[in-house]
Amino acid sequence: MKPQVLSSTLIAMVNHKHLRKILAKKIDDYIYKSIVDNDSEDLKEVAIKRYQFLSAMLHCMIKNIDRGCVSPEIIKEIVNVFVQNNLIREDQIYTQAVEKFKEKYGEYPPTFIVFSPTQKCNLKCIGCYANSTSDTSATVPYCYVDKVVGEVHDCWGVRFITISGGEPFTYKSEDKTLLDIYRKYNDMFFLVYTNGTIINEQIAQSLADCANVTPAISVEGFEEETDQRRGRGTFKKILETLERLRNFGVPFGISVTSTSKNVELLLKDEFYDFFFEEQGACYMWQFQLMPIGRGKDEMDLMVRPEQRLSLYRKWEKLLREKRYCLADFWNSGVLSRGCIAYGRSGGYAYIDWHGNVTPCAFIPYYVDNIYDLYNNGGTLTDALFSDFMKNGRKWQREYGLDNWKKPENWLMPCSIRDHYEIFRNSVLPKNAKPEDEKAKEALESTEYLEVMKNYDQKLKSLTKRIWEIEYLNKDATSSKIKYQNVNINIRN
Ligand code: SF4
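Below is a short write-up of the structure. Because the structure is a prediction, the values reported are computed rather than measured.

**As for the packing of helix 12 (residues 269–278) against helix 14 (residues 305–322)**
Closest axis-to-axis distance for the helix 12/helix 14 pair is 12 Å, and the angle between their directions is 45°. What the angle tells us is that helix 12 and helix 14 run oblique. The chirality of how helix 12 crosses helix 14 is right-handed. Here Asp269, Tyr272 and Asp273 of helix 12 lie close against helix 14, whose contacting residues are Lys314, Leu318 and Lys322.

This is how it looks when you write it as structure tokens:
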């Protein structure tokens, strides 16, 4: 199947209920053949996981179209942005921008950005990095938000943006909200992380009208866990919002932070069944809590290496057996062929509410700032070529991005969390500044360094053999490995 045919088959599948099952099977076969069968440049197991993820995405989307809780118009927009622009390259501006960038800089631009234009939030969740309900919270003025989005659209060919915060639905500047951005850039698709509590009928209607936004709503577990951290009554409000989004046909996802406290719940099927089957979530992203600073409480909340491994096995199983579109930003590193930070092609750079440009939302250090860049005649593109970004991309390439057939262990893909010593010694340059006091403390604390180093060593010892056997195929006869308290069955 050619990409053009894939695109029209997807649209036909959305439009024709009676043909949906047959066409979905055709599309699934096509994905399998193009990713796994056709002399994949990836390791076999990496290719299989990539296929399973896309197949799960298709499966969840169809299920929700069948239920009538996702608007076909929005799905067509997703097909436009992701299939037509990325595979078929029908969008001339996109193609020209990407190739021009490559010609000028010798490498392809990042595929997306994550942008937190405001720190302001209507909730005060325990331990939240934004944590600011005041009106004076840092907010990037609308004209700069517009400048950033315009630049990445025109010069990087970006057609997908993730908005985070603070709470994006509290954003207001120059009499505009972010809905004005979604409307203006209607050939782009936006994934918006939100606490979900202020999406009323009117906002849900606007999101449906824009047809290019999907909210990812944050929970901590069920009612007890969510209300404990986010405040009483929050979970109930979230469920009301989910119902509203279903009624307006807006596809939504769930975002959850895994900690040592809620990990037991995240190892149970009922958590995923509730959001995917009962609530109609199209996807779920898991983020393991990243401790910054030397606070012991926060350190204790970090998911332990053994727990992380259990979550990895859970993710594999849910993807394979239930076809839930689920990704865990550390355990699912094989899907993206490792770390996606530092503005690499296929990856992203992050801009916070002070306008600081960092390699990733989880790396709280920066060299450049958009106000300084723009006010001095520069561009956001300049930030991609700081030593910080270049060091990170060099590390990514050496770690496996340049050698898909024999990468280093992508079960520990994260430059800052899984390779902290290397990050400190070889990636973070001297001129990088911390985003806040906690990030500064983390740099100065020997205790933090030790905790992170121990974590990395333990993780390495737990995942090394799994990587070698299941991905590099080094010892195909082994069927079972025992790692300390964790029993792991390895598939043949
Ligand atoms: S630095 Fe870590 S969290 Fe950020 S993209 Fe890379 S792997 Fe993911």
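**What to know about the sheet that holds strand 11 (residues 368–369)**
Read across the sheet, ten strands follow the order 7-6-5-4-3-2-1-8-9-11 without closing on themselves; strand pairing throughout is mixed. In this open sheet, the two strands that pair with only one neighbour each are strand 7 (326–328) and strand 11. As judged from the two bridges shared by strand 9 (residues 356–358) and strand 11, these two strands associate in the antiparallel manner. Bridging across to strand 11, Val357 finds its partner in Asp368.

**A word on the pattern of salt bridges**
One pass over the full model with this rule turns up 33 salt bridges. Close ionic contact of Glu306 with Lys458 constitutes a salt bridge, the shortest N to O distance being 2.3 Å. One end of the pair, Glu306, is in helix 14; the other, Lys458, is in helix 20 (residues 446–471), with 152 residues separating them in the sequence. Using a relative accessible area of 25% as the deciding quantity, one classes Lys458 as partly exposed. A salt bridge links Lys453 to Glu421; the shortest N-O distance between them is 3.8 Å. Of the two residues, Lys453 sits in helix 20 while Glu421 sits in helix 18 (residues 420–427), which places them 32 residues apart along the sequence. Sharing partners across several salt bridges, the network here consists of Glu45, Lys49, Arg313, Glu316 and Glu470.

**Some details on unusual backbone geometry**
Here the bond from Gly165 into Gly166 is cis, since omega is 15°, no more than 30 degrees from zero. In this structure, Gly166 sits in the loop between strand 2 (160–163) and helix 7 (178–184). With a phi angle near 50°, Glu174 is a residue other than glycine that sits in the positive phi range. Here Glu174 shows up in the loop between strand 2 and helix 7. For Glu174, a relative accessible area of 46% puts it in the partly exposed group. At Ala211, a residue that is not glycine, the phi angle is positive and equals roughly 60°. Among the structural elements, Ala211 can be located in the loop between helix 8 (201–210) and strand 4 (213–219). Taking the relative accessible area as the measure of exposure, Ala211 reaches 12% and is therefore buried.

**Notes on the state of the cysteines**
As used here, a disulfide is simply a covalent bond connecting the sulfur atoms of two cysteines. The full count for this structure, using the stated rule, is zero disulfides. Counting only cysteine sulfurs, Cys69 is the nearest neighbor of Cys282, a cysteine outside any disulfide, at a range of 6.9 Å. For Cys282, a relative accessible area of 10% corresponds to the buried category.

**Side note on the side chain of Gln396**
Structurally, Gln396 is set in helix 17 (residues 387–401). If near-sequence neighbours (up to four positions away) are discounted, Gln396 is found in contact with Cys339, Ile340, Ala341, Tyr342, Arg344 and Leu401.

**Quick notes on the environment of Phe169**
Tracing the chain through its elements places Phe169 in the loop between strand 2 and helix 7. Phe169 gets classed as buried once you look at its relative accessible area, which sits at 16%. In this view, Phe169 contacts Val192, Thr194, Ile198, Ile199, Ile203 and Leu207; residues no more than four positions away in its chain are not counted.

**Digging into helix 14**
With 18 residues, helix 14 extends 25 Å between its outermost C-alpha atoms, agreeing within 8% with the 26 Å of an ideal straight helix rising 1.5 Å per residue. With 13 of its 18 residues buried, helix 14 lies for the most part within the structure. Immediately beyond the C-terminal end of helix 14, within one or two residues, lies Arg323, with a positive phi of roughly 55°.

**Comments concerning helix 10 (residues 234–248)**
Over its 15 residues, helix 10 runs 21 Å from end to end, which matches the ideal 21 Å to within 8%, given 1.5 Å per residue. Listing the buried residues of helix 10 in full gives Thr234, Phe235, Ile238, Thr241, Leu242, Arg244, Leu245 and Arg246. At its buried positions, helix 10 is contacted by helix 8, strand 4, helix 9 (223–230), strand 5 (253–258) and helix 12. Within two residues after helix 10, Gly249 carries a phi angle of roughly 75°, on the positive side.

**Focus on the pairing of strand 1 (residues 112–115)**
Residue alternation in strand 1 divides its side chains into two sets, Phe112 and Val114 and Ile113 and Phe115, and both sets are buried. Strand direction decides the pairing type here: strand 1 and strand 2, joined by four bridges, are parallel. For Phe112, the partnering residue across the bridge sits in strand 2 and is Phe160.

Criteria and cut-off values
Residues numbered from 1 in each chain as written. Predicted model: local features only at pLDDT ≥ 70, side-chain atom pairs only at ≥ 80, totals over all residues. Heavy atoms only, no water. Axes fitted to C-alpha atoms, helices over the stretch in contact; angles between N-to-C directions. Helix = DSSP H or I, 4+ residues; strand = E, 2+ residues; numbered from the N terminus. Parallel < 35°, antiparallel > 145°, perpendicular 65-115°, else oblique. Left-handed = near helix turned anticlockwise from the far one by under 90°. Contact = heavy atoms within 4.5 Å. Pairing = 2+ DSSP bridges. Salt bridge = Lys/Arg side-chain N within 4 Å of Asp/Glu carboxyl O. Buried < 20%, exposed > 50% of the residue type's maximum accessible area, 1.4 Å probe, protein only. Disulfide = S-S within 2.5 Å. Expected span 1.5 Å × (residues − 1).

Any link to function would need more than the numbers given here.
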